[in-house]
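Chain by chain, the residues run as shown.
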Amino acid sequence: MMARGARKMAAAAALLFCSAALHVPAHAHNYHMGITDISYNANTGSTEIVHTYTAHDVEALLANLYQRQFDLGLPEDQAVLRRYVEKQFYITAGGQRLPLQWVGVTADAANITIYQELPKTALPAGAVLHHAVLSDFVPSQLNTVNLGAAPSGPAASSLTFSAATQERTLP
């Protein structure tokens, strides 16, 4: 009889635990980060930029800014994301913005990946990178930029950007 009662208690405890787990938001996470890879493609002569962000953070940002849900499979919703990214991420040289081109975006349940390029151009020495994607919305956002080795330039390196450090001169 005792074993049957213990099983009922264990089953009830497991049910209670599972019920409580369902009430914890599935999207909650404590670490907010983005990764941007910038590399020179010798075959095309272009600088390629690939950003990867947590899908939930991008979705929460867009919902907060526009009070609606977004479907990044739709061109009009991609255009909204594009305007935001182009405002928050840019490269300057000699005080002028370099003409980054939007290549596209892919999205899945975990990540949003954004593709840009600087056509037929290597990053000039002393270029300044402004990176404030998501750090205006999530103060703890950290964005790491990995710079590939440039042709006849500096070796590969990484830089970190945050709400407090949004601009850096590239090596």
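Just above, that's the structure.
No experiment lies behind these values; they were computed from the predicted model shown.

**Side note on the sheet that holds strand 10 (residues 167-169)**
One open sheet accounts for four strands, arranged 4-3-7-10; its pairing is antiparallel. Every interior strand has two partners, whereas the edge strands, strand 4 (96-97) and strand 10, have only one. The strands touched by helix 3 (residues 75-88) within the sheet are strand 3 (89-93), strand 4 and strand 7 (128-131), with strand 3 carrying the most contacts at an inclination of about 40°.

**Some thoughts on the pairing of strand 6 (residues 111-118)**
By the bridge criterion, eight bridges tie strand 2 (residues 46-54) to strand 6 in an arrangement that is antiparallel. Each residue of the ladder has a partner; that of Val 50, found in strand 6, is Tyr 115. Pairing geometry for strand 5 (residues 101-107) and strand 6, over six bridges, is antiparallel. Of the residues in strand 6, the one forming a bridge with Gln 101 is Glu 117. Counting the residues that bridge the hairpin from strand 5 to strand 6 gives three residues.

**A look at the packing of helix 2 (residues 55-66) against helix 3**
Following both chains from N to C, one finds helix 2 and helix 3 inclined at 95°, their axes separated by 12 Å at the closest point. Between helix 2 and helix 3, the angle is such that the two are roughly perpendicular. Seen from helix 2, the contacting residues are Val 58, Leu 61, Leu 62, Leu 65 and Tyr 66; seen from helix 3, they are Val 80, Leu 81 and Tyr 84. Each residue belonging to the contact of helix 2 with helix 3 can be placed in one class, and the counts come to eight nonpolar, no polar and no charged.

**Overview of the sheet that holds strand 9 (residues 157-161)**
With mixed pairing, the six strands of this open sheet are ordered in space as 5-6-2-1-8-9. Here the strands that pair on one side only, and so sit at the sheet edges, are strand 5 and strand 9. In this sheet, adjacent strand axes meet at a mean angle of 15° when their direction is disregarded. The strands touched by helix 2 are strand 2 and strand 6; relative to strand 2, the strand with the most contacts, the crossing angle is about 85°. Across the sheet, helix 3 is in contact with strand 5 and strand 6; its angle to strand 5 comes to roughly 120°.

**Section: the packing of aromatic side chains**
Counted according to the given criterion, the structure contains one aromatic pair. In this structure, Arg 97 is placed above the aromatic ring of Tyr 90, and the distance from its NZ or CZ to the ring centre is 3.6 Å. Here the guanidinium or amino end of Arg 168 rests over the ring plane of Phe 161, the centre of that ring lying 6.0 Å away.

Criteria and thresholds
Residues numbered from 1 in each chain as written. Predicted model: local features only at pLDDT ≥ 70, side-chain atom pairs only at ≥ 80, totals over all residues. Heavy atoms only, no water. Pairing = 2+ DSSP bridges. Helix = DSSP H or I, 4+ residues; strand = E, 2+ residues; numbered from the N terminus. Contact = heavy atoms within 4.5 Å. Axes fitted to C-alpha atoms, helices over the stretch in contact; angles between N-to-C directions. Parallel < 35°, antiparallel > 145°, perpendicular 65-115°, else oblique. Nonpolar A, V, L, I, M, F, W, Y, C, P; charged D, E, K, R; others polar. Phe/Tyr/Trp six-rings, centres within 6.5 Å; stacked < 30°, edge-to-face > 60°. Lys NZ or Arg CZ within 6 Å of the ring centre and 35° of its normal.

No statement about biological role is implied by the geometric values presented.
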